[in-house]
Amino acid sequence: MRAVAMGALATLWACQPPEVAKDTDPASSSSSPTDPTTPGTDTTPPDTSSSPTTPTDTAAPWSEDVDCSLLLDPPLTATRYNWVPGSEDFTFSADGELLNVSGGGLKATPFGGPSQLLVPLSAEPRGARLLPDGRLALAVAADGAILLVDPATGGQQIAASGVNNPNGIAVAPDGRIYTATSNGQVVRVDPASGAVDVVVDLPGNSFDGIVFSPDYRRLYFDEEFGQIHYVDVDAQGDLGEPHLGGRIPLGGGGFSILDGMAVDACGNLYVAEMNGTVWRVRTDGTVEDLVDVGGVAIIPALNFGIAPVGGWRETALYVITFTGSIYEIEVGVPGKWEPHLPAR
């Protein structure tokens, strides 16, 4: 296992400490001063003018108490399950089922299987994430489209077309879709209005994985040959200039390229290298070779499980293969909140 402290990667988190990583000691409370310069920190006091004696719940839906000291150190173990159909990406529903498109249709797999066909589909998407309304957003590179599919009714809608090679997908709390493309762009799609905007344009890159930070004030995306990039997001959802954070030291070989990304509730970043290696970048910038799943596994995507429903553990990272299996890696802390889930 490789673990190296990389100064360049540390800049990804230097100006944004993970605000959800809270001390479990009651003496450490929100009464401590808040740095107004920290991106993602809301310093506006709650409006209590209507009823000064009534507490006002101002917690963001992703706010939670997490004991980040429970984060496990490598080397970690990967447990393989063979009852999940292979695909390039997957996500978990609020009902605790794994959703992915495989073998000609959208399928749902409870923990332990078996899989059930929900919607027949000819599309072979590269990215898949759920919107707040429960529809599944799919990046269909062959069609240059973002396809929306309702798992409950089977209804389908094209949210955007003419997108050049859409790949990974991330969804903001407001329901807007961000897709990383293999031509060096990040494209934002508003499924309500149909607006399509290029929000990052870095020609010469091939972007793949994309994910928000726990507080949704930073958007990470990786370039297949090792670079990690990020942009900061303001309170209105507008993006700043892209920054180069650093590099994952790839292992070499034909499938030594970066693919899917995930973030835990403490702000640590997880990246799949298709050759079978899962990397973690801690909030202090330390890069860790977390686990090598071994064999001939080609891993395009990874995601945290969902609790309390189903058997997919919220403190476990799940890594899928193209060939039809999934690996479970216990990391000790849960994944970040996603917009289709209830507030924590």
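Caption draft 1: Representation of empty space enclosed by the protein within the structure. Counted under the stated rule, the structure contains 3 cavities of 30 Å³ or more. Each pocket or cavity is described by its volume, and for the largest cavity that value is around 100 Å³. Along the walls of the largest cavity sit 16 residues, with D89, G168, G209, G260 and M261 positioned nearest its centre. For the lining of the largest cavity, the secondary-structure elements that each account for two or more residues are β11 (166-171), β15 (207-212), β19 (258-263) and β23 (301-304).

Caption draft 2: Just the sheet that holds strand β13 (residues 185-189), in detail. An order of β11-β12-β13-β14 is seen for the 4 strands of this open sheet, with the pairing classed as antiparallel. In this open sheet, the two strands that pair with only one neighbour each are β11 and β14 (196-201). Averaged over all pairs of adjacent strands, the angle between strand axes in this sheet comes to 25°, irrespective of strand direction. Where β13 and β14 come together, 5 bridges link them in antiparallel fashion.

Caption draft 3: Structural context of the packing of aromatic side chains. Under the criterion given, the structure shown has 16 aromatic pairs. With a centroid separation of 5.2 Å and an interplanar angle of 80°, the aromatic rings of W83 and F111 are classed as edge-to-face. In this pair, W83 sits in the loop between β2 (79-81) and β3 (91-92) while F111 sits in the loop between β5 (105-109) and β6 (116-120), placing the two residues 28 residues apart along the sequence. Accessibility expressed as a relative area gives 24% for W83, which makes it partly exposed. Here F111 falls in the partly exposed class, since its relative accessible area comes to 33%. Summarising the aromatic geometry, the rings of F90 and F92 are spaced 5.7 Å apart at their centres and angled 85° between planes, so their arrangement reads as edge-to-face. The burial state of F90 is the same as that of F92; both residues are buried. Linked through ring pairs, Y81, W83, F90, F92, F111, W312 and Y318 together constitute an aromatic cluster.

Caption draft 4: Spatial organisation of the sheet that holds β23. Sheet architecture is open: 4 strands sit in the order β2-β25-β24-β23, paired in antiparallel fashion. Pairing within the sheet leaves two strands with one partner each, and these edge strands are β2 and β23. Strand-to-strand, the axes of this sheet are offset by a mean angle of 25°, without reference to chain direction. Where strand β24 (residues 316-320) meets strand β25 (residues 326-330), 5 bridges bridge the pair, whose relative direction is antiparallel. Each bridged residue has a counterpart across the sheet, and for V319 the counterpart in β25 is Y327.

Caption draft 5: Structural view of the pattern of salt bridges. Counting across every chain of the model gives 10 salt bridges. Between R282 and D73 there is a salt bridge; the shortest N-O distance is 2.4 Å. Separated by 209 residues along the polypeptide, R282 in the loop between β21 (277-281) and β22 (286-292) and D73 in the loop between α1 (7-14) and β2 bring together distant segments of the chain. Residue class for R282 comes out buried when judged on its relative accessible area of 17%. For R313, the salt bridge identified is with E328, shortest N-O distance 3.2 Å. Of the two residues, R313 sits in the loop between β23 and β24 while E328 sits in strand β25, which places them 15 residues apart along the sequence. Among the ionic contacts, a cluster of salt bridges with common partners joins D73, R280, R282 and E288.

Caption draft 6: Structural detail: the layout of surface pockets. Estimated volume of the second largest pocket: approximately 410 Å³. I306, K336, W337, E338 and L341 are, among the 31 residues lining the second largest pocket, the residues nearest its centre. Those elements giving two or more residues to the lining of the second largest pocket turn out to be β3, β7 (127-130), β11, β15, β19 and β23. Its residues placed into classes, the lining of the second largest pocket shows 21 nonpolar, 5 polar and 5 charged.

Basis of the calculations
Residues numbered from 1 in each chain as written. Predicted model: local features only at pLDDT ≥ 70, side-chain atom pairs only at ≥ 80, totals over all residues. Heavy atoms only, no water. 1 Å grid on protein atoms, 1.4 Å probe; cavity = no way out; pocket = protein on both sides within 12 Å on 5 of 7 lines; lining within 4 Å. Points joined across faces, edges and corners; volume = space filled by probe spheres on them. Helix = DSSP H or I, 4+ residues; strand = E, 2+ residues; numbered from the N terminus. Pairing = 2+ DSSP bridges. Axes fitted to C-alpha atoms, helices over the stretch in contact; angles between N-to-C directions. Phe/Tyr/Trp six-rings, centres within 6.5 Å; stacked < 30°, edge-to-face > 60°. Buried < 20%, exposed > 50% of the residue type's maximum accessible area, 1.4 Å probe, protein only. Salt bridge = Lys/Arg side-chain N within 4 Å of Asp/Glu carboxyl O. Nonpolar A, V, L, I, M, F, W, Y, C, P; charged D, E, K, R; others polar.

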